[in-house]
Number of protein chains: 2
Amino acid sequence: MLQLTMTGEYAMRAMLHIASLPPRTVVPIAEISRAWEVPETFLRKIVGKLARGGLLKTVRGNGGGVALARLSREITLLDVVQAAEGPLALNACLTSPGACHRTPWCPVHPVWCEAQEKLREVLSSRSLEDLAKDASPANRPGVQRAAV
Amino acid sequence: MLQLTMTGEYAMRAMLHIASLPPRTVVPIAEISRAWEVPETFLRKIVGKLARGGLLKTVRGNGGGVALARLSREITLLDVVQAAEGPLALNACLTSPGACHRTPWCPVHPVWCEAQEKLREVLSSRSLEDLAKDASPANRPGVQRAAV
DNA sequence: TTTGAAGATGACAAAATTTATCCTCTTTGG
DNA sequence: CCAAAGAGGATAAATTTTGTCATCTTCAAA
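Reading guide: rules and limits
- Residues numbered from 1 in each chain as written.
- Chains lettered and ligands numbered in written order.
- Predicted model: local features only at pLDDT ≥ 70, side-chain atom pairs only at ≥ 80, totals over all residues.
- Heavy atoms only, no water.
- Least-squares fit on C-alpha atoms with pLDDT ≥ 70 in both.
- Contact = heavy atoms within 4.5 Å.
- Near = heavy atom within 4 Å.
- Polar contact = N/O pair within 3.5 Å; in protein donor to acceptor, adjacent residues only side chain to side chain.
- Helix = DSSP H or I, 4+ residues; strand = E, 2+ residues; numbered from the N terminus.
- Nonpolar A, V, L, I, M, F, W, Y, C, P; charged D, E, K, R; others polar.
- 1 Å grid on protein atoms, 1.4 Å probe; cavity = no way out; pocket = protein on both sides within 12 Å on 5 of 7 lines; lining within 4 Å.
- Points joined across faces, edges and corners; volume = space filled by probe spheres on them.
- Pairing = 2+ DSSP bridges.

Draft legend 1. Broad picture of the relation of the copies chain A and chain B. Expressed as a screw operation, the relation of chain A to chain B combines 0.0 Å of axial shift with a rotation of 180°, fitting to an RMSD of 0.0 Å. Here the symmetry operator amounts to a two-fold rotation axis. For chain A, the minimum C-alpha distance to the rotation axis belongs to L2 of chain A and amounts to 2.2 Å. Of all interface residues in chain A, 100% are interface residues in chain B too; the two copies therefore contact each other through one and the same surface.

Draft legend 2. Main features of the protein's contact with DNA strand C. In the vicinity of DNA strand C lie 23 residues, with I29, K45, T58 and R60 of chain A together with R60 of chain B positioned nearest. In the environment of DNA strand C, a sugar or linking oxygen lies 2.5 Å from a nitrogen or oxygen atom belonging to the side chain of R60 of chain A. N62 of chain A has a polar backbone atom sitting 3.3 Å from a base nitrogen of DNA strand C. Looking at the surface near DNA strand C, the elements with two or more residues in it are α3 (40–52) and β1 (56–59) of chain A together with α1 (6–19) and α3 (40–52) of chain B. The class makeup of the residues in the surface near DNA strand C is 8 nonpolar, 10 polar and 5 charged.

Draft legend 3. Region of the structure containing empty space enclosed by the protein. Per the counting criterion, the structure on display carries 1 cavity of 30 Å³ or more. Estimates place the volume of the largest cavity at around 30 Å³. Looking at the lining of the largest cavity, its residues break down into 5 nonpolar, 1 polar and 1 charged.

Draft legend 4. Seen up close, the pairing of strand β1 (residues 56–59) of chain B. Summarising the sheet, β1 of chain B and strand β2 (residues 65–68) of chain B pair through 4 bridges and their orientation is antiparallel. Its bridge partner being in β2 of chain B, L56 of chain B is matched across the sheet by L68 of chain B.

Draft legend 5. Highlighting the protein's contact with DNA strand D. Neighbouring DNA strand D are 24 residues; R60 of chain A together with I29, K45, T58 and R60 of chain B lie closest to it. The sugar-phosphate share of atoms of DNA strand D within 4 Å of the protein amounts to 72%. At a separation of 3.0 Å, a base oxygen of DNA strand D approaches a polar side-chain atom of K45 of chain A. If you list the elements that add at least two residues to the surface near DNA strand D, you get α1 (6–19) and α3 of chain A together with α3 and β1 of chain B. Each residue belonging to the surface near DNA strand D can be placed in one class, and the counts come to 8 nonpolar, 11 polar and 5 charged.

What follows is the structure, encoded as C-alpha cells:
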C-alpha cells in the first residue's frame, strides 16, 4: 500500500522517546510501551531489530533497558526506518540491480529512482536530536494547567 | 513495507502499454496481459479500478477492450498509482486530518508531510505521454536483429 | 547466593492484505 | 444467434503484518 507499517511507526516512537531523555539514559522497554501505546511484546521484537541495526544498545538484567548506541545527532529518520523495515525500496525494481528484467529500457524506472532519492533526502535530513528538541515536553499537551 | 504493490505495478504497465499505441486505440485486456506478464484475471480487476478512477474507458462486446479516457499527456504516474492503490499516504497519520491524535505536536509528522509532497511532485512530473515516448519499441530489445 | 527485574530468542498464532481464480452475467459487432 | 470481450461477486491461496507465549540468560542488589 506504499505506506510505513506499524513496525516502522513504533520504531520511530521508541527512538524518539529515548532521544528526548538525557544522553546515555537507559530506559526499560516497558516504559516506552506505556508512554507511546505500543504493545510491549511487539516492541521487544522491534527493539531487537534496532539493536541489531546498530541504533540501540541493550542492557540486560536488573536496572537494564535500552539506550542509543550513537549520539542522537548521528541518527536520522532514515536510519530508524531502514533498521525497522529493511532497506528502502519504493518499488520492487529498486530492491537490487537486476531485480526486474525490464529495467534497462523501462521508462518508469528512472522516475522511481528519482522519487526514492527524494524520499531518502527528506528522511535523512533530520536527526533524532532535531526531532527530540521539537518534541520536548513543553510542546506537548500534558495535564491541563490552569490558565495564567 | 513502504513499497508499491503488484497492483500498482501492473496498473502502470497496462497504462504504459495503452499509451504507447495510437491515440484512441481500443486494446483487449488479454493483449496487455500477454505483453507485460500480468495475470489476465487479475488485470481485469485492476482495469476496473482504473476505469472507475476515470483513467480508462472500457468497450464491451466483440472488438471491445480498453482505451485511455483522457489524452496521455493529461495522465500522470501519480494518477495511475492513486487510481490503483488509493490515495497516497506514506504514513497512517497522513490518511486524513485527525487520523493520529499526536499530530498536533508530533515532530515527525511534518517530515512525513514533506516527504510525501516530494513524492507527489516526482510522480506527477511525468505524463504517460512522456513515458510512452521513452518506451517506444525502438528503445526496447525486441527480436534480435542481424548486425548491419 | 538468592531473588527479582529485565532483555533475547524462537515457536506459534491471529489478522489483515495482497494476489489471485472462477463463475455467471451483460454487452455488442457480425 | 454467436462468439468475443468486459463487469462484478464469491471465493481462495499466499504472504505479510502484528502480535503472543514460554523459556532462557543476564545482572544488580539485598
